[in-house]
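Topology and contacts: notes
Read off the chains here:
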Amino acid sequence: MRIRTWLAARIPLDFLRRFVREQLDDPQPRHVSWLHTLGFAALLLLFLQIATGVLLLFYYKPGALTAYNSVKFIMEKVTLGWFFRQLHVWGAHFIVILVFMHLLRVFFYGAYKKPRELTWMVGIGLLLTIMAFTLTGYLLPWDEVAFWGTVVATDTTKEVPVLGDFILKFVRGGETVSDITLSRFFAMHVSLLPMALFGLIALHLFLIRYHHISPLTRTDAPEPAHRNAERPYFPEHFKKEVLIAYGVLLLMLAFAIFTKPHLGKAANPMVTPTGIKPEWYFLPVYQSLKYVPGWLGVIGNGVFVFFLLALPLLDRNPERHPARRKFATWVGIVLVLGGVVLGVLGHLSDTTRTIFGKKVHFDIRGIPRILKEEAKPQ
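Below you will find a few notes about this structure. (Residues numbered from 1 in each chain as written. Predicted model: local features only at pLDDT ≥ 70, side-chain atom pairs only at ≥ 80, totals over all residues. Heavy atoms only, no water.)

A few words on the overall build of the protein chain. A tally of helices and strands in the protein chain yields 13 helices and five strands. When the backbone C-alpha atoms are referred to their principal axes, the protein chain occupies close to 85 × 55 × 50 Å. Looking at the protein chain as a whole, 38% of its 378 residues qualify as buried. Considering only intrachain contacts with a sequence separation of at least 6, the fraction spanning at least 24 residues in the protein chain is 75%. For the protein chain, the computed accessible surface area is about 22,400 Å², with 70% contributed by carbon and sulfur atoms. (Helix = DSSP H or I, 4+ residues; strand = E, 2+ residues; numbered from the N terminus. Buried < 20%, exposed > 50% of the residue type's maximum accessible area, 1.4 Å probe, protein only. Contact = heavy atoms within 4.5 Å. Areas by Shrake-Rupley, 256 points an atom, 1.4 Å probe, with all protein chains shown as cover.)

Structure follows, in structure tokens:
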């Protein structure tokens, strides 16, 4: 009792208790379903990603001469080092998937519309921050795939009109990917990007709690009284969020345990390996640059990002329900399918595969061509 009295004089315990109770009793709109659990699952994995990243920092040594060997030491010598690195690697993939799915749910439900425009914009900022995390973290092992993948990724910046060369040198710290590039990526990965991430998450959660879950009513009609909704957040929806989040976590643990830990050969700036491509989530952008002049592709992707940010200001249709905004719904479906097609073409491009017993070569644009079989010697 004395401890509680001492704390009560210094911390607003009653306010915190009321705040927690209000959040748990927060009524949910009738359309809230399993699709509304993706953000919670992504948040859980983000905190796990930070925890595993801190553990890896105990042994990782940034630098062109030390990075590769330190990662190898983590995987081969440190107790469970391979497991925590696998968790960190797979965590990046799972977070990108969850955030993309969450973004699509918000788009198709029209949840970015008035008065939640800023919530959407902050969410896009979170997506870009997470993609920056994956890009900067990709180089840190300093193996040949990471090195040359970063060369390919950063090369696109020189296509930016006027400022291209400046941006390229600023990102790399010089003309080429080098020890300075690794130092810059490491600094961004462990300091600048985490600060941006924490700030954006805090603002995003505040805006979500302030405006509550978006209904499916028109924006030019009064929203249903918040307190007239049917079910409280706890325990019904909370149980769904926990079930999905820990289901995703168990799946990620299975991938971490049962997939073979990978670390390629040490980076050699003098030898370019074949078949170097970015990770799957960058493949649509990577592939799109092959069909148009470089500068046009970079500008086009930049315009698309700006379009996503400005979407709540551009979409003036008051409808939120996907069935009553068919044009926007079909545009979203086409864009998703287009991204999937570009990703698949990027994965297949510049490879030769055996399909139905025939050798098929996919050129740099992903266009297939059946190879003629060489005549067998008599």
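Text resumes after the structure shown.
A few words now on helix H8 (residues 164–172). Three or four residues apart is the spacing at which side chains of an α-helix point the same way, because the helix has 3.6 residues per turn. For H8, every residue scored as buried is listed here: Gly164, Leu168 and Arg172. One face of H8 carries all of its buried residues, which in axial projection span an arc of 50 degrees. Along H8, exposed side chains directed more than 90 degrees from the buried face belong to Phe166 and Phe170. (Arc of directions from axis to C-beta.)

This part is about the nonpolar core. The nonpolar side chains of a soluble globular protein tend to be buried with one another. Ranked by internal contacts, the top residues of the largest apolar core, which has 36 residues, are Leu45, Leu98, Trp120 and Leu197. Every element with two or more residues in this core is listed here: helix H3 (38–57), helix H5 (81–108), helix H6 (117–139), helix H9 (179–211), helix H10 (233–258) and helix H12 (294–314). At eleven residues, H5 tops the list of elements feeding residues into this core. With near-sequence residues (within four places) excluded, Trp120 lies in contact with Leu103, Val106, Phe107, Tyr112, Leu308, Leu309, Leu311 and Pro312. Grouped together as the second largest cluster of nonpolar side chains are 18 residues, Val71, Leu140, Leu182 and Leu263 included. (Core = buried A, V, L, I, M, F, W, Y, C linked by side-chain atoms within 4.5 Å.)

On to the sheet that holds strand S3 (residues 351–355), then. Strand order in the open sheet made by the three strands is S3-S4-S5, with antiparallel pairing throughout. Each having just a single partner strand, S3 and strand S5 (368–370) make up the two edges of the open sheet. Adjacent strand axes in the sheet meet at a mean angle of 30 degrees when their direction is disregarded. Pairing analysis gives three bridges linking strand S4 (residues 358–362) to S5, with the strands arranged antiparallel. Note that in S5 the partner of His361 across the bridge is Arg369. (Pairing = 2+ DSSP bridges. Axes fitted to C-alpha atoms, helices over the stretch in contact; angles between N-to-C directions.)

By secondary structure assignment, the location of Asp315 is in the loop between H12 and helix H13 (326–348). The buried category is assigned to Asp315, whose relative accessible area is 18%. Polar contacts involving the side chain of Asp315 include one to the side chain of Lys113, which spans 3.4 Å. (Polar contact = N/O pair within 3.5 Å; in protein donor to acceptor, adjacent residues only side chain to side chain.)

With the rule as written, the count across this model stands at 19 aromatic pairs. Aromatic pair Trp90 and Phe94: ring centres 6.5 Å apart, planes at 80 degrees, arrangement edge-to-face. Of this pair, Trp90 and Phe94 both sit in helix H5, four residues apart, which is roughly one turn of that helix. Taking the relative accessible area as the measure of exposure, Phe94 reaches 10% and is therefore buried. Of the aromatic side chains, those joined through ring pairs into one cluster are Phe107, Phe108, Tyr112 and Trp120. (Phe/Tyr/Trp six-rings, centres within 6.5 Å; stacked < 30°, edge-to-face > 60°.)

With five bridges joining them, S3 and S4 adopt antiparallel strand pairing. Considered in S4, the bridge of Thr352 is made with His361.

Okay, the packing of H3 against H9 next. Contact geometry of H3 with H9 gives a least axis separation of 13 Å together with a crossing angle of 155 degrees. On the basis of their axis angle, the class for H3 and H9 is roughly antiparallel. Taken as a pair, H3 and H9 cross one another with a handedness that is left-handed. For the pair formed by H3 and H9, the contact residues are Leu43, Leu46, Ile50 and Leu57 on the first element and Phe186, Val190, Leu197, Phe198, Ile201 and Leu205 on the second. Its residues assigned to classes, the contact of H3 with H9 shows ten nonpolar, no polar and no charged. (Parallel < 35°, antiparallel > 145°, perpendicular 65-115°, else oblique. Left-handed = near helix turned anticlockwise from the far one by under 90°. Nonpolar A, V, L, I, M, F, W, Y, C, P; charged D, E, K, R; others polar.)

Another point: the pattern of salt bridges. Evaluation of the coordinates by the stated rule reveals eleven salt bridges. Here Asp315 makes a salt bridge to Lys113, at a shortest N to O gap of 3.4 Å. Of this pair, Asp315 sits in the loop between H12 and H13 while Lys113 sits in the loop between H5 and H6, placing them 202 residues apart in sequence. Here Asp315 matches Lys113 in class, with each residue buried. Through salt bridges with shared partners, a single ionic network connects Arg218, Asp220, Glu319 and Arg324. (Salt bridge = Lys/Arg side-chain N within 4 Å of Asp/Glu carboxyl O.)

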